[in-house]
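Examination of the molecular architecture
For reference, the chains in residue letters:
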Amino acid sequence: MQITSLDPATLDVVGSVPVTPVDAVAELVARARAAQPAWEALGPRGRADLIVQAGPRFLERADELGLLLSREQGKPLAEGVGEVRSCGGGLAEELDEMVRAFSPEQLVDARTNTELRHDPLGVCAAITPWNFPISMCAWMVLPALMAGNTVLLKPSEETPLIGQAYVDVLNEFLPAGVLQVVHGADDQGKALVAADVDLIAFTGSRAAGAHILQAGAPNLKRVILELGGKDPLVVLEDADVAAAAKFAVRNSFRNAGQVCVSTERIYVHEDIAEAFEAAVAEGARGLVQGRGTDEGVNVGPMVNARQRDHVLAQLDQAVADGARVLAGGAGHHGNFVVPTVLAGLNHGMAIMQEETFGPVACIARFESDDEAVRLANDSPYGLGAVVFGGDEERAGAVARRIRAGMVGVNRGVGGAQGSPWVGAKQSGFGYHGGISGHRQFAQARIVSSRRQDA
Ligand code: NAD
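What you see is a predicted model; the values in this text were computed from it and never measured.

Here's the deal with the site of the ligand
Within the structure, the ligand sits among 29 residues, and E157, S205, L227, E355 and W421 are positioned closest to it. Within the backbone of T128, a nitrogen or oxygen atom sits 2.8 Å from an oxygen atom of the ligand. L227 places a main-chain nitrogen or oxygen 2.7 Å from a nitrogen atom of the ligand. When the ligand is considered free in solution it has 850 Å² of accessible area, and contact with the protein chains removes 92% of it. Shared between two domains, the shell around the ligand takes at least three residues from each, and those domains are domain 1 (2–227 + 427–450) and domain 2 (231–409).

Below, the structure is given as structure tokens:
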């Protein structure tokens, strides 16, 4: 059986991969387990020295793989190429940080010498989504491998070709059995979770994450879940309206809204709401929608018809419930949903509560900082949030009251080098990135002895 990968803009066939039979998963896991001791024995620096060689290969192949990514997932070509380049550029520094994370440390007190180790867990299942189909593979696979685990990667069934390409590049440099791929959809994901693996590193929807947590519970499998979000943008009354609107447009429509930290809800102060709404609508009307590989396009299609129908259903419902359409509307052709700006939203509507993952900017108004914070926090999700305000100190104070893992002030959510990528509440269970995030892919152990001189 094959998975046929379609271009979501045209429904042309991009290619296909063989589905991994569910009953072959146990054998692949056994192969990974057999390869693990020798991989562990290389130590963090030895592992980094092998993996780092993949960096130049990603850079050499960035145009070719970026085109494949854009065709398979739909995002603009430049963003596809950029995503592949991000797997190569900076790889050496990233690996150096992981070498530091996984190297043993010495702790000493008056009586005891302790070696604090960060040892491999064993075999890791890495399960990834389609929206950043190569960088998500890197995010899960690199710390898992660098910790000394061997890995089975199941890329999304929507983007198997780019997932396979990621594995092929790394496998030019890795020993056999250290990194293998499992192709398929939920059934293969479930089989992998149920197999004899020690760690499940998952990025995807909250529903699948909850299932994985349950499935791993009987054996207390280690689980790292990076899940969905419903990120708020709060625009205070002293904000630079043009800058806030520019950010809102960029962050609502990037990758056609199919980004975990997309702006999904906007709360703007009553005093500046009209000007802000007009600027966001104008920005949305200026976007060029089309096939990602076409010149000048900045918004592509939804990844598939299911995602399109989900977005359209939320849009239709919001309009039926009284939302005003400032740009776009519930129109579509093929898998394309027209970039849409809605205003007059009320916080209780489904489109303000459930993850949309589409090209829609939803604007509601507030009257006080307390109200904005209350609305922003009234969600089971807590991935990212952004606050715009003219007085950075006051905007920062509002930002600190928002219960999200990553909050940006007058900018997006990403932190400085070394910051973790972390979801609070039901947006995550564990996290990755930064020294503390890398270490979640390892088992902490201490080996202590009495100080001879004590
Ligand atoms: P999804 O949960 O449908 O699928 C993700 C992966 O899990 C796929 O490979 C899929 O085949 C597999 N899968 C699905 N059900 C499974 C199960 N029960 N057991 C094991 N594997 C299973 O998500 P998606 O539609 O591919 O991706 C979109 C979601 O991912 C959005 O919710 C988005 O917010 C989230 N996401 C989160 C982050 C983050 O950093 N927090 C990053 C990117 C995407």
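Concerning the nonpolar core
A general tendency of soluble globular proteins is for nonpolar side chains to be buried together. By size, the foremost hydrophobic cluster in this structure holds 65 residues, and its most contacted members are V235, F276, V280, L342, L345 and I351. What F276 contacts, discounting residues up to four positions off in sequence, is V235, V241, A244, A245, A248, I266, V268 and I363. Ranked by size, the runner-up nonpolar core spans 49 residues in total, among them A48, L91, V151 and V169.

Some words on the packing of helix 2 (residues 43–51) against helix 6 (residues 91–102)
Where helix 2 meets helix 6, the closest approach of the two axes is 9 Å, and the angle between their N-to-C directions is 165 degrees. By the angle between their directions, the pair helix 2 and helix 6 is classed as roughly antiparallel. When the axes of helix 2 and helix 6 are compared, the crossing they make is right-handed. Between helix 2 and helix 6, the contacting residues are P44, R45, A48 and I51 on the first element and L91, L95, D96, V99 and F102 on the second. Partitioning the contact of helix 2 with helix 6 into residue classes produces seven nonpolar, no polar and two charged.

Observations concerning the domain arrangement of the protein
The accessible area lost on association of the parts is a frequent measure of interface size. Domain boundaries assigned for the protein yield domain 1 (2–227 + 427–450) and domain 2 (231–409). Here domain 1 and domain 2 have C-alpha centroids that lie 31 Å from each other. Contacts between the two partners involve 21 residues from domain 1 and, on the opposite side, 24 residues from domain 2. With both chains or domains summed, domain 1 and domain 2 bury close to 1,900 Å², and 56% of this area falls on carbon and sulfur atoms. For D7, the salt bridge identified is with R291, shortest N-O distance 3.0 Å. At the junction of domain 1 with domain 2, the criterion picks out nine residue pairs in polar contact (both at pLDDT 80 or more). If you list the elements that add at least two residues to the side of domain 1 that touches domain 2, you get helix 4 (62–73) and helix 5 (77–88). With four residues, the single largest contributor to the side of domain 1 that touches domain 2 is helix 4.

Some details on the pattern of salt bridges
Once the charged atoms of two side chains with opposite charge are near each other, the side chains can pair. One pass over the full model with this rule turns up 23 salt bridges. The partner of K230 in a salt bridge is E264, with the nearest N and O atoms 2.8 Å apart. Highlighted residues: K230 in the loop between strand 9 (222–226) and strand 10 (231–235) and E264 in strand 11 (residues 263–269), separated in sequence by 34 residues. Comparing K230 with E264, the two get one shared label, buried. With a shortest N-O distance of 2.9 Å, E277 and R365 are connected by a salt bridge.

A closer look at unusual backbone geometry
What you tend to see is this: most non-glycine residues have negative phi, and most peptide bonds are trans. Of note, N255 is a non-glycine position whose phi angle comes to about 55 degrees, a positive value. Non-glycine residue A256 carries a positive phi angle of around 55 degrees. If you trace the backbone, A256 turns up in the loop between helix 11 (241–253) and strand 11. Note on A256: relative accessible area 1%, which makes it buried.

Parameters and conventions
Residues numbered from 1 in each chain as written. Predicted model: local features only at pLDDT ≥ 70, side-chain atom pairs only at ≥ 80, totals over all residues. Heavy atoms only, no water. Near = heavy atom within 4 Å. Polar contact = N/O pair within 3.5 Å; in protein donor to acceptor, adjacent residues only side chain to side chain. Areas by Shrake-Rupley, 256 points an atom, 1.4 Å probe, with all protein chains shown as cover. Domains from an automatic or database assignment. Core = buried A, V, L, I, M, F, W, Y, C linked by side-chain atoms within 4.5 Å. Buried < 20%, exposed > 50% of the residue type's maximum accessible area, 1.4 Å probe, protein only. Contact = heavy atoms within 4.5 Å. Axes fitted to C-alpha atoms, helices over the stretch in contact; angles between N-to-C directions. Helix = DSSP H or I, 4+ residues; strand = E, 2+ residues; numbered from the N terminus. Parallel < 35°, antiparallel > 145°, perpendicular 65-115°, else oblique. Left-handed = near helix turned anticlockwise from the far one by under 90°. Nonpolar A, V, L, I, M, F, W, Y, C, P; charged D, E, K, R; others polar. Buried area = accessible area lost by both parts, 1.4 Å probe. Salt bridge = Lys/Arg side-chain N within 4 Å of Asp/Glu carboxyl O.

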